[in-house]
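Fold and contact review
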Amino acid sequence: MSDAMIVDRAIEAGFIDPVREAFPVPDTGGGEHGNALYLDVAALLDGGLPDPPAPVLLRRDDGNAIFYAGQVNLIFGDPESGKTLVAQAAAAEALIAGRKVLFVDIDHNGPQATISRFLDMEVPEETLRDPDLFRYVEPEDKPHLMAVIKDAKKWRPAVAVVDSVGELLPLMGLSSNSPDDFTLAHAAVLKPLAMAGAAVLAIDHLPKNTESRASGPTGTAAKRRAVGGVSIRVTINEQFTPGRGGSAFLSINKDRHGGLRRHCPAEGKEPSAGLFKLDSSTERIRWTVTTPQLGEAAAAAGINLDDLAELDQLDPPPASVRDVKERLRWRSDRAAAALKEWRSRRSQDVPGERGTDAENSVPAFPPLGVGNGERPDSTRCPRCNGPVWLGSGKCQGACS
């Protein structure tokens, strides 16, 4: 769907005021240098190109953050995987710092549960009482939601949680299975919040189809294009239990600007962004996001690192699932899952993150165990004849 068609459908559906909001052209004030319809590239170059944005929200224990401000960020996973907990922890971080937060509860978590959890997360009660700092809404219908979006443009929250995308589209009378309809919802709700400066945390669910789950949430192609910040897959590690807590792996499904990925291990197409840990064993809920470790991406995908190491040692390399089954005596499901992850770590065609075109590629991820500049060397270990790592000289094979 073209931009013009999106605008036409949005106007027809009543999401956009064609007079006041549909891409207004700014007044140049009679200036001769540049045209308001286009970016003044010369002025940009004269001032120096800005650095790419960096994530600023939900800090890890190493000081790096997960989510981008002024962008649409997506959080997706299975039910009870901790998606809302992650979003609420990020919102609590902002509230504790005195930043404005909008919580759009379309998934009907309920005000009592949401507010109680914020209090348990040590958000000051006076902050939650202040409508200039915190606003919670369970929109009743499309007009109610659009009024909230219009208000948010003026109020300019620092964080806007939208829980969830799966409920957003039906509320707006749109189809959850239509990429075009998601594009409309994005243009009407998510994008305006991001343009108002908010770190938008849109929560979504995974489809039931096994092959689709590997790519991301339903309507993946449209949703990946819409993500201007980061798309995070949440996978349960330890089940979240009231009075105890739990943990979940955070994996990078997409990072348009690369600001988060550069601080994560180069491991597969969905590297670990960290482990989200929540402790509710006391009256207060405390959370941390630990620095990602090599091997967490495989663990999040349910892959045993030892299986990947065994595939690394096969000479010649594995050619098919049948080949793996015959040489290692594995079951079909184990062989297929391990081989898929093993190949993803050596893919030469990883989609780019700074745009939406497949030709914008980033360098291939190094093999398992590669770090600190090490790369596979053509030399062999004198003891076991296995490959060694260039730089360290360490054996990848039986001697390691």
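These numbers come from a predicted model, not from an experiment.

How each quantity is defined
Residues numbered from 1 in each chain as written. Predicted model: local features only at pLDDT ≥ 70, side-chain atom pairs only at ≥ 80, totals over all residues. Heavy atoms only, no water. Buried < 20%, exposed > 50% of the residue type's maximum accessible area, 1.4 Å probe, protein only. Helix = DSSP H or I, 4+ residues; strand = E, 2+ residues; numbered from the N terminus. Arc of directions from axis to C-beta. Contact = heavy atoms within 4.5 Å. Phe/Tyr/Trp six-rings, centres within 6.5 Å; stacked < 30°, edge-to-face > 60°. Pairing = 2+ DSSP bridges. Bend = angle between axes of the 7 residues up to and from the residue. Axes fitted to C-alpha atoms, helices over the stretch in contact; angles between N-to-C directions. Salt bridge = Lys/Arg side-chain N within 4 Å of Asp/Glu carboxyl O. Patch = residues over 30% accessible without salt bridge, like charges linked within 9 Å, V, L, I, M, F, W, Y side chains within 5 Å. Areas by Shrake-Rupley, 256 points an atom, 1.4 Å probe, with all protein chains shown as cover.

1. Let's talk about helix α13 (residues 321-328)
Because each turn of an α-helix spans 3.6 residues, side chains separated by three or four positions end up pointing in the same direction. Within α13, the full set of buried residues consists of Asp-323, Val-324 and Leu-328. Buried residues of α13, seen end-on, are gathered within an arc of 100° and therefore sit on one face of the element. In the core, the buried residues of α13 are packed alongside α12 (305-313) and α14 (332-344).

2. Points about the packing of aromatic side chains
Throughout the structure, instances matching the rule amount to four aromatic pairs. Aromatic pair Phe-103 and Phe-118: ring centres 6.2 Å apart, planes at 90°, arrangement edge-to-face. Placement of the pair is Phe-103 in strand β4 (residues 101-105) and Phe-118 in helix α4 (residues 111-120), with a sequence separation of 15 residues. Measuring from centroid to centroid gives 6.1 Å for Phe-103 and Tyr-136, while their planes differ by 20°, and the two rings are stacked. Residue Phe-103 is found in strand β4, and its partner Tyr-136 is found in strand β5 (residues 134-137); the two are separated by 33 residues along the sequence. Judged by relative accessible area, which is 0%, Phe-103 ranks as buried. Note on Tyr-136: relative accessible area 23%, which makes it partly exposed.

3. Remarks on the pairing of strand β11 (residues 286-290)
Of the pairings in the sheet, the one linking strand β10 (residues 272-279) to β11 comprises five bridges and is antiparallel in character. Each residue of the ladder has a partner; that of Lys-277, found in β11, is Thr-288. Once β10 ends, the chain turns through six residues before running back antiparallel as β11.

4. Description of helix α8 (residues 179-195)
Approximately 45° is the largest bend angle found in α8, and it occurs at His-186. Counting buried residues in α8 gives 12 out of 17 residues, a clear majority hidden from the surface. Buried within α8 are the following residues: Asp-181, Phe-182, Thr-183, Leu-184, Ala-185, His-186, Ala-188, Val-189, Leu-190, Pro-192, Leu-193 and Ala-194. Phi for Gly-197, located one or two positions after α8, is positive at around 105°.

5. Details of the sheet that holds strand β9 (residues 245-255)
The strands making up a sheet associate through backbone hydrogen bonding, with each pair oriented either parallel or antiparallel. Taken together, nine strands build an open sheet; the order of strands is β5-β4-β6-β7-β3-β8-β9-β10-β11 and the sheet is mixed. Because the sheet does not close on itself, it has two edges, and the strands there are β5 and β11. Across the sheet, the axes of successive neighbouring strands diverge by a mean angle of 20°, strand direction being ignored. Both strand β6 (residues 159-163) and strand β7 (residues 199-205) contribute to a ladder of five bridges, which runs parallel. Across the sheet, Val-162 pairs through a bridge with Ala-202, a residue of β7. Across the face of the sheet, α4 comes into contact with β4 and β5 while running at roughly 155° to β5.

6. Observations concerning the pattern of salt bridges
The full count for this structure, using the stated rule, is nine salt bridges. The closest approach of N and O atoms between Asp-62 and Arg-60, which form a salt bridge, is 2.8 Å. Among the residues examined, Arg-60 registers a relative accessible area of 4% and is labelled buried. A salt bridge links Asp-307 to Arg-334; its shortest N-O distance comes to 2.7 Å. Taken together, the residues Asp-307 in helix α12 and Arg-334 in helix α14 connect sequence positions 27 residues apart. Classification of Asp-307 by relative accessible area gives buried; the value is 8%.

7. Points about a nonpolar patch on the surface
Side chains of Leu-39, Val-41, Leu-45 and Leu-49 sit close together on the surface and give an oily, nonpolar patch of about 420 Å² of accessible area. Relative to the helices and strands, Leu-39 resides in the loop between α1 (3-13) and α2 (41-46).

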